[in-house]
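This is what each chain is made of:
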Amino acid sequence: MTNLELAKRLVELLGGKNNVEKATHCMTRLRVTCKDTTRVDDKAIKATEGVLGLVIDGSSYQIVLGPGKVKKVTDICTDELGLPKAAGNDSNWEENKAKIKGQQKQSKLKQFLKLISEIFVPIIPAIIAAGLFNGFGSLLSQLIADGVVTGSFFQMLQLILSLLGGAFLSYFAIYTGIRAAEVFGATPAFGGMIGGISIGANIIEIAKMIGLYNETVPLESVLTTGKGGIIGVIFGVWVLSVIEKNIRKRIPDVLDLIITPFVSLLVSGVIFIFIIMPVAGFVSDGLVSLLTIIINSTNPVIRVISGFLLSALFLPMVLLGLHHGLIPIYAVQLEQMGGVSLFPVLSMGGAGQVGAAIAIYLVARKVGNKKMQGIITGALPAGFLGVGEPLIYGVTLPMGKPFITAGIGAGFGGAYIMFTQVMANAWGPSGLVAIPLMQGATGMLNFLIGLIIAYIGGFIVTKLWIKDSDVREEEENFETTNVEEKYTDQAVLYAPVTGSCIPLTEVKDEVFANKMMGDGVAFTFDGDTVVSPCDGTIVMIAATKHAIGIQGDDGVEVLIHVGLDTVSLNGEGFKASINQGDHVKKGEAILQIDHKLMKEKGMDLTTPMIITNTDQYHLAPTYNDSVIAGDTEVLKCNRK
């Protein structure tokens, strides 16, 4: 029975969605409160495939489904089948067991990249389609300009392709603003307006009024359209979300529809226009001044180094909207030198992304990540044609490391281009379609060689740096994993608390007493600290902190459930000493408890320690009236 089938069956046996007052879940149980208990078929629920047990308390039904499965079934019940969600945060924990061993706590950079991924993943199909339209449109435009193809048909086709591509990419900032608002919890239309501000023509007039616009060289302006780039838009929408939420809390409902939108957009818009965009402008101007000195150097060593750095750093500059200041250099070079040396170098940035994507594709095929293979297959043609957005936002940037390795690979191509002093007659699309823009046959050949070097460089550096685990799709099922390690035949667990070790059958909760979740032991204690019973990795921490899952280094899967019905405290009185993904040693503190508060709340702190993969072991418990946390052996698990 699939999770969807199970969810539908449970809703039916609970008397239908109209009979459910609220639904939520803890770590192992779907918790439902029903309006009319006579409509609930509890016997059929117990007999349903996938249900491990049922606890009834008045109108409250606790359906035991097990870690991992319970969240999936609950999400289906509430999100797809319409059961009302219960208030609180006890349903927010997420399981993440597979391949988590050895992982470290997420850094701020990883959190940022994850956020970027959440924003862009839903619009990847549009990015790919628009990239292909623009890429083929640019190619056709070049063929028309070179006289390779002629006639109104090809002109019309080029216009249609460019129109289709521009329908998305010309308004990319607006689409990004909408998605960012959805992620940050702001009103999506407001986010689109922030994105629209960044490309609005009135920005130029405002810049003129405050003296931040350079009318001689408009793209050297501190404030102009596009300053801040996509990252600036995302940051602006985050500011909007903070302002909107705070205003909405304080405005009476009758005025909310008028006051909240107006004030939120006015304040965040002003901050975006006068702070976020100009700051990026100042950075851009400083960057241009520095690059002008480097690019015009007659020293070949400096040229090669600058070629490497410019190619490697170009795409991060694009993300921050700092690339606009580079375009005036194109014009200056064309006027003074009769050609542009900067454009060919920067074109290598996209080539490095192509090489990195090919490396990722091969790894994705090896580990069976079909989703990633599909994204890369759709984005690569645009990448070869010089349109990098699909690869950047769909593949390398969300993954993090490949975005860096792609830049490094591109650097080698840029170094070659600068060393051979390739010049372009103009600037336009990059990639393979830019070859005809280079001066002379030698320039065209060296540009092609530079692209190939960047492809190979991005491929090799990425292949050396990324691991299979970076590309493998994360498993979402807590209960199953492909165990690569060879575990020992016996696992020994020690007391997680100081107190008494008692049989599981003495626990005053039939889910644990009847071993619905698996076999194990339980503890009574008066202390404030819970320690790890073995060496292993923290694979789950309930949002309410009352339960922790550990994957032992020797293969045993341990679930420590502190107290009975402590999920009702919604995290109050618990403080985790570790994070999901941390590796812990036997006896290391993992949880602090406010024991006094628990007593005041009338909580039963009997703490079961369950072996969730009991089917793989013969258990030999040692019950003891006096056990010491991390020191007293309480359970031997002998592999079957």
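Residues numbered from 1 in each chain as written. Predicted model: local features only at pLDDT ≥ 70, side-chain atom pairs only at ≥ 80, totals over all residues. Heavy atoms only, no water.

- If you look the chain up in an unreviewed UniProt entry, it shows as PTS glucose transporter subunit IIA from [Eubacterium] hominis.

**Describing helix α15 (residues 348-367)**
For the α-helix, the turn length of 3.6 residues means that residues three or four positions removed from each other point alike.
Turning to step 1, where the next piece is worked out: Helix length check: α15 (20 residues) gives 29 Å between terminal C-alpha atoms against 28 Å at 1.5 Å per residue, within 8%.
Turning to step 2, where the next piece is worked out: With its phi angle positive at about 80°, G368 sits one or two positions after the end of α15. (Helix = DSSP H or I, 4+ residues; strand = E, 2+ residues; numbered from the N terminus. Expected span 1.5 Å × (residues − 1).)

**Digging into the packing of aromatic side chains**
Turning to step 1, where the next piece is worked out: Per the counting criterion, the structure on display carries six aromatic pairs.
Turning to step 2, where the next piece is worked out: Relative to F172, the ring of F168 lies with its centre 5.5 Å away and its plane at 40°, an arrangement referred to as tilted. For the pair F168 and F172, one class covers both residues: buried.
Turning to step 3, where the next piece is worked out: For the ring pair F308 and F412, a centre distance of 5.3 Å and an interplane angle of 80° mean the geometry is edge-to-face. Placement of the pair is F308 in helix α12 (residues 300-319) and F412 in helix α18 (residues 401-419), with a sequence separation of 104 residues.
Turning to step 4, where the next piece is worked out: You can call F308 partly exposed: its relative accessible area is 24%. (Phe/Tyr/Trp six-rings, centres within 6.5 Å; stacked < 30°, edge-to-face > 60°. Buried < 20%, exposed > 50% of the residue type's maximum accessible area, 1.4 Å probe, protein only.)

**What about helix α1 (residues 3-13)?**
Turning to step 1, where the next piece is worked out: Among the residues of α1, those classed as buried are L6, A7, L10, V11 and L13. Around the axis of α1, the buried residues are gathered within 165° of arc, so they sit on the same side.
Turning to step 2, where the next piece is worked out: Those residues of α1 that are buried lie in contact with β2 (29-34), α2 (42-47), β4 (60-64) and α3 (69-80).
Turning to step 3, where the next piece is worked out: Downstream of α1 by one or two residues, G15 has phi in the positive range, about 95°. (Arc of directions from axis to C-beta. Contact = heavy atoms within 4.5 Å.)

**Remarks on the pattern of salt bridges**
Turning to step 1, where the next piece is worked out: Enumeration over the complete set of coordinates arrives at twelve salt bridges.
Turning to step 2, where the next piece is worked out: The partner of E205 in a salt bridge is K208, with the nearest N and O atoms 3.7 Å apart. Of the two residues, E205 and K208 are both situated in helix α9 (residues 202-209); the distance of three residues between them amounts to about one turn of the helix.
Turning to step 3, where the next piece is worked out: Between K515 and D519 there is a salt bridge; the shortest N-O distance is 3.2 Å.
Turning to step 4, where the next piece is worked out: Judged by relative accessible area, which is 36%, K515 ranks as partly exposed. (Salt bridge = Lys/Arg side-chain N within 4 Å of Asp/Glu carboxyl O.)

**Considering the pairing of strand β6 (residues 499-503)**
Turning to step 1, where the next piece is worked out: Buried residues dominate β6, accounting for four of its five residues.
Turning to step 2, where the next piece is worked out: In this structure, β6 lies alongside strand β7 (residues 520-525), joined through five bridges in antiparallel fashion. Looking at β7, one finds that G499 is bridged to F525.
Turning to step 3, where the next piece is worked out: By the bridge criterion, two bridges tie β6 to strand β17 (residues 624-627) in an arrangement that is antiparallel. The residue bridging C501 from the neighbouring strand is N624, located in β17. (Pairing = 2+ DSSP bridges.)

**Overview of the sheet that holds strand β5 (residues 490-494)**
Turning to step 1, where the next piece is worked out: Spatially, three strands are ordered β5-β18-β16 in an open sheet, and the strand pairing comes out antiparallel. For this open sheet the edge positions go to β5 and β16 (617-621), each flanked by a neighbour on one side alone. Within the sheet, the average angular offset between the axes of one strand and its neighbour, ignoring direction, is 20°.
Turning to step 2, where the next piece is worked out: Inspection of the sheet shows β5 paired to strand β18 (residues 633-639) by five bridges, in the antiparallel sense. Across the sheet, A491 pairs through a bridge with C637, a residue of β18. (Axes fitted to C-alpha atoms, helices over the stretch in contact; angles between N-to-C directions.)

**Points about the UniProt feature "active site" (unreviewed entry) in the chain**
Turning to step 1, where the next piece is worked out: UniProt annotation of "active site" (unreviewed entry) refers to C26 when read in the numbering used here.
Turning to step 2, where the next piece is worked out: In this structure, C26 sits in the loop between β1 (20-25) and β2. (UniProt positions renumbered as here; feature names shortened; annotations may be inferred.)

**Concerning the pairing of β18**
Turning to step 1, where the next piece is worked out: Where β16 and β18 come together, five bridges link them in antiparallel fashion. Bridged to Y617 within β18 is R639.

**A look at the sheet that holds strand β11 (residues 557-561)**
Turning to step 1, where the next piece is worked out: Judged by pairing direction, the sheet is antiparallel, and its eight strands sit side by side in the order β13-β9-β10-β11-β15-β7-β6-β17 without closing on themselves. Each of the sheet's edge strands pairs with one partner strand only, and the pair in question is β13 (583-584) and β17.
Turning to step 2, where the next piece is worked out: Pairing analysis gives five bridges linking strand β10 (residues 547-552) to β11, with the strands arranged antiparallel. When the bridges of β11 are listed, I548 appears paired with I560.

**A closer look at the packing of α18 against helix α19 (residues 440-465)**
Turning to step 1, where the next piece is worked out: Viewed as axis vectors pointing N to C, α18 and α19 meet at an angle of 150°, and their least axial separation amounts to 7 Å. One finds that α18 runs roughly antiparallel with respect to α19. The crossing of α18 and α19 is right-handed. Contact with α18, carried on its side by K401, P402, I404, T405, A406, I408, G409, A410, F412, G413, Y416 and I417, involves N446, F447, I449, G450, I453, A454, G457, G458, V461, T462 and W465 of α19 and no other residues of that element.
Turning to step 2, where the next piece is worked out: Partitioned by chemical class, the residues of the contact of α18 with α19 number 14 nonpolar, eight polar and one charged. (Parallel < 35°, antiparallel > 145°, perpendicular 65-115°, else oblique. Left-handed = near helix turned anticlockwise from the far one by under 90°. Nonpolar A, V, L, I, M, F, W, Y, C, P; charged D, E, K, R; others polar.)

**Some words on the nonpolar core**
Turning to step 1, where the next piece is worked out: Residues F120, F172, Y393, M438 and F447 are the most contacted members of the largest nonpolar core, which totals 78 residues.
Turning to step 2, where the next piece is worked out: Taken domain by domain, the makeup of this core includes at least three residues from each of domain 2 (109-291) and domain 3 (298-468).
Turning to step 3, where the next piece is worked out: Not counting the four nearest positions on each side in its chain, F120 is found in contact with I127, F172, T176, I230, I234 and Y393.
Turning to step 4, where the next piece is worked out: Counting residues in hydrophobic clusters, the runner-up holds 35 residues, among them C501, I578, I611 and Y617. (Core = buried A, V, L, I, M, F, W, Y, C linked by side-chain atoms within 4.5 Å. Domains from an automatic or database assignment.)

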